[in-house]
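So the chains spell out like this:
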Amino acid sequence: MGSSKRDVKSFPAEVKDVMGYALYQAQLGLKAPSAKPLAGFGGASVLEIVEDFQTNTYRAVYTVRFSEFVYVLHAFQKKSKKGIATPKSDIDLIKKRLRLSEEDYKARLACGGQDR
């Protein structure tokens, strides 16, 4: 969703490998050990992959809420120096993209599940 694909592509190769493999596992219906439920989204349908590389922390948030689809909602380098909490602006963006992914999923169902 949004710029997520481009954002992940901008990560260091080592981070892309970890996140790519975790997302691949999600596509297979599995949960990577590095994937944890994102707090505030009720349950385990919105997950977060956190990967530290050198002195930076990278995150990718995705949802498995919809059958047959894995939507990457947000990918970013955490810049905040205050604790581990995800900044409110990032949470707001994730919520917005989750709503958009639901709309996209419903549209795909209406088209018979085919790509638009």
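Residues numbered from 1 in each chain as written. Predicted model: local features only at pLDDT ≥ 70, side-chain atom pairs only at ≥ 80, totals over all residues. Heavy atoms only, no water.

Colleague: Provide a residue-level description of the overall build of the chain, including the pertinent values.
Modeller: Scanning the chain from N- to C-terminus turns up three helices and four strands. Compactness check: the chain gives a C-alpha radius of gyration of 14 Å against a globular reference of 13 Å for 116 residues, within 12% of the reference. Expressed as a percentage of its 116 residues, the buried residues of the chain come to 40%. Sequence-distant contacts, at least 24 apart, represent 44% of the contacts inside the chain between residues at least 6 apart. Summed over all atoms, the accessible surface of the chain reaches about 7,200 Å², with 53% contributed by carbon and sulfur. Side chains of the chain give 20 positive and 13 negative charges; the mean places of these two sets differ by 5 Å. (Helix = DSSP H or I, 4+ residues; strand = E, 2+ residues; numbered from the N terminus. Rg over C-alpha atoms; globule rule 2.2 N^0.38 Å. Buried < 20%, exposed > 50% of the residue type's maximum accessible area, 1.4 Å probe, protein only. Contact = heavy atoms within 4.5 Å. Areas by Shrake-Rupley, 256 points an atom, 1.4 Å probe, with all protein chains shown as cover. Lys, Arg positive; Asp, Glu negative; His and termini not counted. Charge placed at Lys NZ, Arg CZ, Asp CG, Glu CD.)

Colleague: Describe in detail the pairing of strand β4 (residues 71-78), supporting the description with residues and values.
Modeller: By the criterion of burial, β4 is predominantly enclosed, with seven of the eight residues buried. In the sheet, strand β3 (residues 56-63) pairs with β4 via seven bridges, with the strands oriented antiparallel. When the bridges of β4 are listed, V61 appears paired with H74. (Pairing = 2+ DSSP bridges.)

Colleague: I'd love a proper account of the pairing of β3, names of residues and values included.
Modeller: Burial runs high along β3: six of the eight residues are buried. Examined bridge by bridge, strand β2 (residues 46-53) and β3 share eight bridges and lie antiparallel to one another. Along β3, the bridge assignment pairs V50 with R59. Between β2 and the antiparallel strand that follows it, β3, lie two residues; Q54 among them carries a positive phi value of about 55°.

Colleague: Provide a residue-level description of the packing of aromatic side chains, including the pertinent values.
Modeller: Applying the stated criterion across every chain yields a total of six aromatic pairs. Here the aromatic rings of F69 and Y105 are separated by 5.7 Å at their centres, their planes lie at 80°, and the arrangement is edge-to-face. Placement of the pair is F69 in the loop between β3 and β4 and Y105 in helix α3 (residues 88-110), with a sequence separation of 36 residues. Taking the relative accessible area as the measure of exposure, F69 reaches 19% and is therefore buried. Linked through ring pairs, F66, F69, Y71 and Y105 together constitute an aromatic cluster. (Phe/Tyr/Trp six-rings, centres within 6.5 Å; stacked < 30°, edge-to-face > 60°.)

Colleague: Which residues make up α3, and what values go with them?
Modeller: Taking 1.5 Å as the rise per residue, α3 with 23 residues should run 33 Å; its terminal C-alpha atoms sit 33 Å apart, in good agreement. Of the surrounding elements, those touching the buried residues of α3 are α1 (4-9), β2, β3 and β4. Of the residues one or two after α3, G112 is the one with positive phi, at around 85°. (Expected span 1.5 Å × (residues − 1).)

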